[in-house]
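Overview (structure and organization)
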Amino acid sequence: PNGATWLKKSEACENQAFWWDERVLGLQFHLETDEACLNNLLDTNEASEKGGSTWVQSEEEIEEGISYLPDLKEAYFKVLDKLFLTEKKKK
């Protein structure tokens, strides 16, 4: 959107993440992902059916990513705190 601050972009997605109006965060990835979500993805064979292409992770890459989940969860809660606390200050 006009006036947004772009935070991340990638070769696959120009608008990977942006911040707008101090209260809107746009993400083109799943910051809320947890181990149950990843295991479900692996169990349904969706990863093997779609994985391994240029922009889609393979099953092996997804499994390797499980080790990053504690950091992802911490980042997720920091984002929620930022959004909540910013909105609370405005009231």
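1. As for the pattern of salt bridges
A full pass over the atoms with the stated rule returns two salt bridges. For the salt bridge of lysine 9 with glutamate 14, the shortest nitrogen-to-oxygen distance reads 3.8 Å. The same class applies to lysine 9 and to glutamate 14, which are both exposed. One salt bridge connects glutamate 74 with lysine 78, and the closest N-O pair in it is separated by 3.3 Å. Of this pair, glutamate 74 and lysine 78 both sit in helix α4 (residues 69–90), four residues apart, which is roughly one turn of the helix. Overall, glutamate 74 belongs to the partly exposed group, its relative accessible area being 44%. Classification of lysine 78 as exposed rests on a relative accessible area of 54%.

2. Observations regarding the pairing of strand β2 (residues 17–20)
Taken together, the three bridges between strand β1 (residues 5–8) and β2 define a ladder with antiparallel strand orientation. What sits directly across from tryptophan 6, in β2, is phenylalanine 18. Here four bridges tie β2 to strand β3 (residues 24–27), and the two strands are oriented antiparallel to one another. The partner of tryptophan 19 across the bridge, within β3, is leucine 25. Where β2 hands over to β3, the hairpin turn is made up of three residues, of which aspartate 21 adopts a positive phi near 60°.

3. Concerning a negative patch on the surface
A grouping of Glu60, Glu61, Glu63 and Glu64 is seen on the molecular surface, where their side chains present a negatively charged patch. The partly exposed category is assigned to glutamate 60, whose relative accessible area is 49%.

4. Focus: the sheet that holds β3
In spatial order, the strands read β1-β2-β3; together these three strands make up an open sheet with antiparallel pairing. Since the sheet does not close on itself, it has two edges, and those belong to β1 and β3, each with one partner. Neighbouring strand axes in the sheet, compared pairwise and without regard to direction, differ in orientation by 20° on average.

5. Brief notes about the packing of aromatic side chains
By convention here, two paired aromatic rings are described through the distance between centres and the angle between planes. Tallied over the entire structure, the rule returns two aromatic pairs. Consider the rings of tryptophan 6 and phenylalanine 18, whose centres lie 5.9 Å apart with planes at 35°: the pair is tilted. Of the two residues, tryptophan 6 sits in strand β1 while phenylalanine 18 sits in strand β2, which places them 12 residues apart along the sequence. Residue phenylalanine 18 is classed as buried on the basis of its relative accessible area, which comes to 17%.

How each quantity is defined
- Residues numbered from 1 in each chain as written.
- Predicted model: local features only at pLDDT ≥ 70, side-chain atom pairs only at ≥ 80, totals over all residues.
- Heavy atoms only, no water.
- Salt bridge = Lys/Arg side-chain N within 4 Å of Asp/Glu carboxyl O.
- Buried < 20%, exposed > 50% of the residue type's maximum accessible area, 1.4 Å probe, protein only.
- Helix = DSSP H or I, 4+ residues; strand = E, 2+ residues; numbered from the N terminus.
- Pairing = 2+ DSSP bridges.
- Patch = residues over 30% accessible without salt bridge, like charges linked within 9 Å, V, L, I, M, F, W, Y side chains within 5 Å.
- Areas by Shrake-Rupley, 256 points an atom, 1.4 Å probe, with all protein chains shown as cover.
- Lys, Arg positive; Asp, Glu negative; His and termini not counted.
- Charge placed at Lys NZ, Arg CZ, Asp CG, Glu CD.
- Axes fitted to C-alpha atoms, helices over the stretch in contact; angles between N-to-C directions.
- Phe/Tyr/Trp six-rings, centres within 6.5 Å; stacked < 30°, edge-to-face > 60°.

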